[in-house]
Amino acid sequence: MTYEELLEIAKIENEKKAQYVHTINVCVAAGCMSCGSQELLDAFRREIEKRGIENWCKAKGVGCLGLCTAGPLIAIEPDGIIYKAVKPSDVHDVIDALGGEPVKRILCPSDMSFFTKQQKIVLENFGKIDPERIDEYIASGGYQSLYLALREMSPSMVIDQIVKSGLRGRGGGGYPTGLKWTTVMKASGSQKYVICNADEGDPGAFMDRSVLESDPHRVLEGMAIAGYAVGADKAFIYVRAEYPLAIKRLRKAIAQAEHLGVLGRGIFNTPFNFDIKLRLGAGAFVCGEETALISSIEGNRGTPRPRPPYPAEYGLWGCPTLINNVETFANVPAILRNGSQWYSSFGTEKSKGTKVFALAGRIKNTGLIEVAMGTTLREIVFDIGGGIPDGSKFKAVQTGGPSGGCITEAFLDQPVDYESLAKLGSIMGSGGMIVMDDTSCMVDVAKFFVEFCMTESCGKCVPCRDGSAQMHYLLDKISRGHGNTNDLHSLEKLCELVKNTSLCGLGMTMPNPVISTMHYFRDEYLAHIHDKTCPAGVCNIKGGRK
Amino acid sequence: MNEQQGVGAKGQEDRRIRMVERTMRMYGNEPHALIETLHTIQESYGYIDTDLMRFVSEKLGVPLSKVYGVATFYHFFTLKPQGEHTCVVCTGTACYITGAKNIIDEIGKQYDIKPGETTSDNKLSLLTARCLGACGLAPAVVFDGVVAGKQNPESVNETIRRWFEK
């Protein structure tokens, strides 16, 4: 593969695209697929064929259009019209309306804040390209960053760009990516590995799934650039077995990339080889922790080990290993293409760029969004998210899953970045955002997360294994109306203990949902204890007042 | 998976074991092939039984205790055969907030089973998943491998009742 060949593929693809007056983009990410978008796409193709308009109209599957709540979604390009909840029976009218007045009953206003307030970098190709065709990714500028890195830049120049961009780990920790890459590059060892952490175990998060389903090549390109920068020629993607569609598309993408020669041996006629293999997770939340993930790839139980040594020095099979999250890798091609200065112009002083969030729970516009760092929670929940449905009252937004905390109305004007969220007792996390209204009981929510961590604890260290069970016991006691004030104190003490003495991130952050709900919603805990009542009416308190 | 265990399934048995052997070979029969091999077993047999664990242990040179340890550590693997139909209720945060618990309670009430159990006539298995990533469509339920979004106790009941009518 040469640069000219790459440009030729892009040229042919763009010419093909220009031939169509209208393209009907049907979302075929998992959300819309479960609303029947595959049947819809087939219906469009049949209708186009029936009418004999194949030479100027085309229907194709594309990645996630974002507004998952209103699936199946379709977008008409280049008109910029979006239709929601489209059924095969609407196909006829949609095609009739091409070039004219849009079909009103299924029209989704494309000027709504959900679409206009976003800043897309990672999601730039979403809803535009067919994730199963490498040609379309190349036509949108794909694999050019890899070419640039391999042919025009030294590994240290690549790392320099990443350092200057200010990119930080998008898996939740927020560790500076450039620094991690530098450490792996400097580590001694003839064999090094790159691992992409796609074990998105946080309940309530689906950003990585969407990226893998909608633009898999972007992740592969980011990984290859990382491999070149740190001196690794082998890589693994550790992906959840619960994401069959993402796995299928990744397998296809890897095969296409190897076939074209943008992965494999001697990429772009340079001595650089890069080989990516998939490894399936098997439903263990703790495997999102990097040392546990490595242990799982090696074929063992996914138990973490103490750090240091960090995987950057002693990782997979004892070799220096770079582990980054899906979204982190997905940012890399855009940074090299547009420059670090461009990237760092987005975001806040310490958190650069954008962040993808999965909006879910009691919110009108559930779905996938990407905003510049520093956007306020109020903008995310009320402008982009459209607020709370059915006239209910906003109660809290939970970020960071089982490792995060709840944020209340009073703090909605805080900007979203790593530091601000940490100050509020939550974390950025991987990007799950669950909105709750007054039908949620905060004691019950805390119990839910602790139960999650209790069953997901690997059992290696005592504070996490036994601490989670005791925390769950106390929360259960309180939620059933049997608690007393002493239990609350014990719970507080236990939280501190588990936080300070657990071996890995799972245990260290597990108390966060409890600490934050006890802090912001203490009155609800007290209502369960003193009044034997659950204000939200969720907990089953026998003999208690409703 | 009942029909798969029936008599005269010799040919099918060979095919399934070949799939398992193929996976192990693909990873050079190395110990690190263990998890991938267990995935293949579960995919082709529906569950992982002790004889197959013994077989894998010998082939990969991994102690049986470790094979068992790994198979029981990961929630995705099941050591019990599943019923004819499976209903997996997602209990991720978004689904929990929007009512997954009511769905589980309803199925439990109707068919007298708890998550992880199968009805006595082997017709229905009720399972829970940690998060399917279908949070935009919460609460989500997987009926025989097909994800359905925005479910409620009534709609789930309706789907299951149709299975029982057949």
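Predicted, not measured: the structure shown is a model, and the values here were computed from it.

Definitions and limits used
- Residues numbered from 1 in each chain as written.
- Chains lettered and ligands numbered in written order.
- Predicted model: local features only at pLDDT ≥ 70, side-chain atom pairs only at ≥ 80, totals over all residues.
- Heavy atoms only, no water.
- Helix = DSSP H or I, 4+ residues; strand = E, 2+ residues; numbered from the N terminus.
- Phe/Tyr/Trp six-rings, centres within 6.5 Å; stacked < 30°, edge-to-face > 60°.
- Buried < 20%, exposed > 50% of the residue type's maximum accessible area, 1.4 Å probe, protein only.
- Lys NZ or Arg CZ within 6 Å of the ring centre and 35° of its normal.
- Pairing = 2+ DSSP bridges.
- Domains from an automatic or database assignment.
- Contact = heavy atoms within 4.5 Å.
- Buried area = accessible area lost by both parts, 1.4 Å probe.
- Polar contact = N/O pair within 3.5 Å; in protein donor to acceptor, adjacent residues only side chain to side chain.
- Nonpolar A, V, L, I, M, F, W, Y, C, P; charged D, E, K, R; others polar.
- Salt bridge = Lys/Arg side-chain N within 4 Å of Asp/Glu carboxyl O.
- Axes fitted to C-alpha atoms, helices over the stretch in contact; angles between N-to-C directions.
- pLDDT = per-residue confidence, 0-100.
- Parallel < 35°, antiparallel > 145°, perpendicular 65-115°, else oblique.

Following Arg307 of chain A, the chain continues into Pro308 of chain A via a peptide bond in cis, with omega recorded as -5°. You can see Pro308 of chain A is positioned in the loop between helix H13 (290-297) and strand E9 (321-325). For the peptide bond that leads from Ala138 of chain B to Pro139 of chain B, omega is -10°, which places it in the cis range. Position of Pro139 of chain B among the secondary structure elements: in the loop between strand E3 (124-129) and strand E4 (141-143). With a phi close to 45°, Trp317 of chain A is a non-glycine residue in the positive phi region.

Examined against the element boundaries, Thr50 of chain B turns out to sit in helix H3 (residues 50-60). Note: C-alpha distance between Thr50 of chain B and Tyr68 of chain B (18 residues apart in sequence) is 8.5 Å.

All names here are of chain A. Here the structure, examined in full by the defined rule, presents 20 aromatic pairs over all chains. An angle of 20° between the planes, with centres 4.2 Å apart, marks the rings of Tyr3 and Tyr147 as stacked. Of this pair, Tyr3 sits in helix H1 (residues 3-19) while Tyr147 sits in helix H7 (residues 144-152), placing them 144 residues apart in sequence. The class for Tyr3 is partly exposed, based on a relative accessible area of 26%. Members of the aromatic cluster, connected to one another through ring pairs, are Tyr3, Tyr147 and Phe268. Taking NZ or CZ as reference, Lys355 lies 5.6 Å from the ring centre of Phe357, over its face.

The next thing to look at is the pairing of strand E2 (residues 57-62) of chain A. Residue and element names in this part refer to chain A. For E2, a buried count of five out of six residues is recorded, marking the element as mostly surrounded by other parts of the structure. In terms of strand pairing, strand E1 (residues 22-27) meets E2 through six bridges, oriented parallel. Across the sheet, His22 pairs through a bridge with Cys57, a residue of E2.

Looking now at the domain arrangement of chain A. Residues and elements named next belong to chain A. Examined at the domain level, chain A breaks down into domain 1 (17-111), domain 2 (141-344), domain 3 (354-435) and domain 4 (442-531). On a C-alpha basis, the centres of domain 1 and domain 2 stand 34 Å from each other. Across the contact, eight residues belong to domain 1 and seven residues belong to domain 2. Both faces combined, the contact of domain 1 with domain 2 buries some 490 Å², and carbon together with sulfur accounts for 58% of it. One can count three residue pairs in polar contact (both at pLDDT 80 or more) joining domain 1 with domain 2. Residues belonging to the side of domain 1 that touches domain 2 are distributed by class as follows: six nonpolar, two polar and no charged.

Residue and element names in this part refer to chain A. Taken as a whole and assessed by the stated rule, the structure comprises 45 salt bridges over all chains. Between Asp437 and Arg362 there is a salt bridge, with the nearest N and O atoms lying 2.8 Å from each other. With Asp437 in strand E14 (residues 432-437) and Arg362 in the loop between strand E10 (354-361) and strand E11 (367-372), this residue pair connects regions lying 75 residues apart in the sequence. Connected through salt bridges with shared partners, the residues Glu13, Lys16, Lys60, Arg133, Asp135 and Glu136 form a single ionic network.

With that settled, consider the sheet that holds strand E5 (residues 107-108) of chain A. Residues and elements named next belong to chain A. Sheet architecture is open: five strands sit in the order E2-E1-E3-E4-E5, paired in mixed fashion. The strands lining the two open edges of the sheet, one partner per strand, are E2 and E5. Packed on one face of the sheet, helix H3 (residues 37-51) meets E1, E2 and strand E3 (74-77) and runs near 165° to E2.

Residue and element names in this part refer to chain B. Taken together, the five strands give an open sheet; going across it, the order is E2-E3-E1-E4-E5, and neighbouring strands pair in mixed fashion. Strands with a single pairing partner mark the edges of an open sheet, and in this sheet they are strand E2 (117-118) and strand E5 (146-148). Pairing between strand E1 (residues 85-90) and E4: three bridges, direction antiparallel. Bridge assignment links Val88 to a residue of E4, and that residue is Val142.

Looking now at the confidence of the model for chain B. Predicted confidence across chain B gives a mean pLDDT of 89, with 94% of residues reaching 70 or more. Overall fold confidence (pTM) sits at 0.94, and the ipTM for the predicted complex is 0.90.

This part is about the interface of chain B and chain A. Between chain B and chain A, the residue contacts involve 32 residues of the former and 51 residues of the latter. Buried area between chain B and chain A, summed over both chains or domains, comes out near 3300 Å², and the portion from carbon and sulfur atoms is 59%. Note that Glu456 of chain A and Arg130 of chain B form a salt bridge whose closest N and O atoms lie 3.6 Å from each other. The interface formed by chain B and chain A holds 17 residue pairs in polar contact (both at pLDDT 80 or more) in total. At the level of secondary structure, the elements contributing two or more residues to the side of chain B that touches chain A comprise helix H2 (34-45), helix H4 (64-73) and helix H5 (93-97) of chain B. In terms of residue class, the side of chain B that touches chain A is made up of 17 nonpolar, ten polar and five charged.

What follows deals with the packing of H7 of chain A against helix H11 (residues 216-230) of chain A. Residue and element names in this part refer to chain A. At their nearest, the axes of H7 and H11 sit 9 Å apart, and the two run at 10° to each other. If you check the angle between H7 and H11, you find them roughly parallel. Across from Gln144, Ser145, Leu146, Ala149 and Leu150 in H7, the residues of H11 making contact are Glu221, Ala224, Ile225 and Tyr228. Grouping the constituent residues of the contact of H7 with H11 by class yields six nonpolar, two polar and one charged.

Bringing the side chain of Glu200 of chain A into the picture now. Residues and elements named next belong to chain A. Within the secondary structure, Glu200 sits in the loop between strand E6 (193-198) and helix H10 (207-214). Within the structure, Glu200 has its side chain in polar contact with the backbone nitrogen of Asp208 (distance 2.7 Å). Setting aside residues up to four positions removed in sequence, Glu200 forms contacts with Ala205, Phe206, Met207, Asp208, Arg209, Arg240 and Tyr243.

Of the positions making up H7 of chain A, those classed as buried are Ser145, Leu146, Tyr147, Ala149 and Leu150 of chain A. Residues of H7 of chain A that are buried make contact with H1, helix H8 (155-165), H11 and helix H14 (326-338) of chain A.

What follows covers the domain arrangement of chain B. Per the domain assignment, the segments making up chain B are domain 1 (3-73) and domain 2 (85-165). Domain 1 of chain B and domain 2 of chain B are separated by 28 Å when their C-alpha centres are compared.

Now for the packing of helix H18 (residues 442-456) of chain A against helix H22 (residues 512-520) of chain A. All names here are of chain A. Close contact between H18 and H22 brings their axes to 9 Å; oriented N to C, the two are set at 170°. In this view, H18 runs roughly antiparallel relative to H22, as classed from their interaxial angle. Here Met442, Ala446, Phe449 and Val450 of H18 come into contact with H22, specifically with Pro513, Val514 and Thr517. Its residues assigned to classes, the contact of H18 with H22 comprises six nonpolar, one polar and no charged.

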